[in-house]
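Below are the chains, spelled out letter by letter.
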Amino acid sequence: MNIVLGITGGIAAYKAPDLVRRLRERGADVQIVMTASAAEFVTETALQAVSGRPIRSNLWDKEAEAAMSHIELARWADVVLIAPATAEVMARIVSGGAPDLLTTICLATEAPIALAPAMNHVMWSNPATQSNREVLEQRGIHILGPAVGSQACGETGAGRMLDPDTIAATVCGLSVGKGEGALVGKTVVITAGPTREAIDPVRYITNRSSGKMGYAVARAAAAQGAGVILVSGPVNLPEPPGIDVHHVTTAAEMYEEAHRHIDKADIFIATAAVADYRPANVPEQKIKKNSENTSIDLVPCPDILASVSTLEDPPFTVGFAAETENVEQYARSKLEKKKLDMIVANQVGHNRGFDRDDNQLSVLWKNGKKEFAEATKIELARDLVELVAERFYAARGADTQPKLTIISTSD
Ligand SMILES: Cc1cc2nc3c(=O)[nH]c(=O)nc-3n(C[C@H](O)[C@H](O)[C@H](O)COP(=O)(O)O)c2cc1C
C-alpha cells in the first residue's frame, strides 16, 4: 500500500517518525511530504531515515519534480494521510487552494484522504475549524480524531493527535483494492443506512442509523478486492470511490434493489437498519392537526434479510442486530430463526452505536463467536470483512466459484 504522509506544522509532528514506523510495520510504502512549518518541529534527516525515501517539501524542486511529479505522486498514493493536520491545512484544503506541494497533491489525487487533526483545544472548537471539519467530512475526507486529553500547551481538551498506532491501523483499512485481497473475484452486496416510511407527503418514520458502518464495510470489502454493490438508504455520506452505489428510500425499495442484484452476490451483508413497520395508508394530502388523539395503523415491512437467507441458492448471508438490551441472546436467536451464516451484534442507544465514529461488536455464527473491542468503524469494518472472508471460505470451500462471471471484452 502506497501512502503519501503529509506532515504539517503542529507540535505533534514530533510523533511523525513513530507514525511512519507503524505504517511501515503494516507493510506500507511511505512517501513523506512536509510543509515548511513542519520542518520547524521535526527534521528531514529523521524522517528520511525512518521512511527510507527522500522527503518532498517544495513544489518548485525541479530535480524531485523531474523524478516523480506532484501529479505522479498524487496517482501513486493509495491513501493520502495528513498527520498531524494543522487548523491551517484544513482551511487550505477546504478553500481548494494549492499553494504548496501537499495541498496540490490533495487536489490532484483520487485516493482517499485522511486527516488526523492536532491542535490546542480552543483552536479545535473554534467555529471556523469546526465548520472546516464539517465541509471536509461532507466531501468524504476522513477525519481521524482528535483525542481528548492533556495537551502540549498544558491545558486539557479535545485536540490531541490520535496515537500513531490507531492512525496506522485505521488508514491501512481505507484503500480501495487493486486486484489483491481475500475477496478478489467475489461480489458482495451490502445494504446500509436507515429507511424512511412515509406517514403523509411531508412526514415519515425513520431511525438513527447514519450508514457509517455499512459504508465502512463496503470500503473494507472493496479493499479486499471484492466487487461491491451498495444499496443505501438516505444518508449524509459521500459515495465511496470504486463502489456501485444504488440509492433507495423505503424498505420496499431496498428489498427490490437488493433482490435485483442478489443473484450476483457471493456474500450479502445487511447492515441497514430497515424499518420493521410502515404506515398502512399514506394519504395524498398532509394530515391536519386536530384536537383529538390520533393513531397510525402500521403494517410489517418486507424482511430483506430473511428473504435472502432463505433463497434456494443463498449467498453467504451476514445480518446485523442492533439491540438496546440482551444483545447476544437476541442476536443468536435471530441467527437461528433467519438461517443466517453470521450475525454481527451491536449495542445501540444511550450514545452508543448509531451516528458515531466508533463502536464495539460481537460476531456470532453456528458454533463460534468473536468479540471486537471498541475501535473506529473503519477499523471494525476491516476486521469484520477479514472474518467474513475467513468464515465464507470455511463454509463454502476455498475453491468456491464466484457467482458473477466477468467476461473480459478487452481482447
Ligand atoms: C510552537 C508552535 C506550535 C504550534 N502548534 C500548532 C498545532 O499543534 N496545531 C496547529 O494547528 N497549529 C499549530 N501552530 C501554528 C501553525 O504552525 C501555523 O498555523 C502554520 O502556518 C501551519 O502551517 P502548515 O499547515 O503549512 O504546516 C503552532 C505554531 C507554533 C509557533
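Just so you know, these numbers come straight off a predicted model, no measurement behind them. (Residues numbered from 1 in each chain as written. Predicted model: local features only at pLDDT ≥ 70, side-chain atom pairs only at ≥ 80, totals over all residues.)

**Details of the site of the ligand**
Residues in close proximity to the ligand total 15 residues, the closest being Thr8, Gly9, Gly10, Ser37 and Thr86. A per-element tally of the shell around the ligand places helix H5 (residues 87–95) first, with three residues. Residues that form the shell around the ligand fall into these classes: eight nonpolar, six polar and one charged. (Near = placed C-beta within 6 Å. Helix = DSSP H or I, 4+ residues; strand = E, 2+ residues; numbered from the N terminus. Nonpolar A, V, L, I, M, F, W, Y, C, P; charged D, E, K, R; others polar.)

**With respect to the sheet that holds strand S3 (residues 79–85)**
If you walk across this open sheet you meet the five strands as S2-S1-S3-S4-S5, and the pairing is parallel. Only two strands of the sheet have a single neighbouring strand rather than two, namely strand S2 (29–34) and strand S5 (142–143). (Pairing = 2+ DSSP bridges.)

**Here we look at the pairing of strand S9 (residues 197–200)**
When a strand is regular, its side chains alternate between the sheet's two faces. Note: S9 against strand S10 (residues 203–205), three bridges, orientation antiparallel. Bridge pairing links Asp200 to Arg203 in S10. Between S9 and S10, which follow one another and run antiparallel, lie two residues.

**Section: helix H10 (residues 212–223)**
Here H10 spans 16 Å end to end across twelve residues, near enough to the 16 Å set by a 1.5 Å rise per residue. Counted residue by residue, H10 has twelve buried out of twelve residues, so it is predominantly covered. Inspection of H10 places Lys212, Met213, Gly214, Tyr215, Ala216, Val217, Ala218, Arg219, Ala220, Ala221, Ala222 and Ala223 among the buried residues, and these make up the whole buried set. Against the buried residues of H10 lie strand S8 (187–192), strand S11 (227–232), strand S13 (267–270), strand S18 (358–365) and helix H14 (377–396). Phi turns positive one or two residues past the end of H10, at Gly225, with a value near 95°. (Expected span 1.5 Å × (residues − 1). Buried ≥ 20, exposed ≤ 12 C-beta atoms within 10 Å, placed from the backbone. Contact = placed C-beta atoms within 7 Å.)

**Regarding the environment of Val122**
Here Val122 shows up in helix H7 (residues 121–125). Sequence separation of Val122 and Ile71 is 51 residues, and the distance between their C-alpha atoms is 36 Å.

**Quick look at the packing of helix H1 (residues 16–25) against helix H2 (residues 44–51)**
What describes two packed helices is the angle between their axes and the distance between those same axes. Two numbers describe how H1 lies on H2: the axes approach to 9 Å, and their chain directions differ by 10°. Regarding the angle of H1 to H2, the classification is roughly parallel. Residues Ala16, Pro17, Val20 and Arg21 of H1 lie in contact with H2, whose contacting residues are Ala46, Leu47, Val50 and Ser51. Residues belonging to the contact of H1 with H2 are distributed by class as follows: six nonpolar, one polar and one charged. (Axes fitted to C-alpha atoms, helices over the stretch in contact; angles between N-to-C directions. Parallel < 35°, antiparallel > 145°, perpendicular 65-115°, else oblique.)

**With respect to the sheet that holds S11**
In space, the eight strands of this open sheet follow the order S12-S11-S8-S13-S16-S17-S18-S19, with mixed pairing throughout. Whereas interior strands pair on both sides, the edge strands pair on one side only; in this sheet they are strand S12 (244–247) and strand S19 (368–376). The mean angle between the axes of side-by-side strands here comes to 15°, regardless of whether they run parallel or antiparallel. Pairing geometry for S11 and S12, over four bridges, is parallel.

**A closer look at the environment of Val385**
Among the secondary structure elements, Val385 is positioned in helix H14. On the basis of neighbour counts, which here come to 28 C-beta atoms within 10 Å, the residue Val385 falls in the buried class. With 203 residues separating them along the chain, Val385 and Ala182 place their C-alpha atoms 9.3 Å apart. Setting aside residues no more than four positions away along its own chain, Val385 makes contact with Val217, Ala220, Ala221 and Gln224.

**Thoughts on helix H9 (residues 164–171)**
Along H9, six of the eight residues are buried, which leaves the element largely enclosed by surrounding structure. Those residues of H9 not exposed but buried are Pro164, Ile167, Ala168, Ala169, Thr170 and Val171. Against the buried residues of H9 lie strand S1 (2–7), H1, S3, strand S4 (113–117), S19 and H14.

**Structural notes on the domain arrangement of the protein chain**
Looking at the protein chain, the domain boundaries give domain 1 (2–171) and domain 2 (187–396). Centre-to-centre, using C-alpha coordinates, domain 1 lies 33 Å away from domain 2. Contact residues are listed per partner, giving five residues for domain 1 and five residues for domain 2. (Domains from an automatic or database assignment.)

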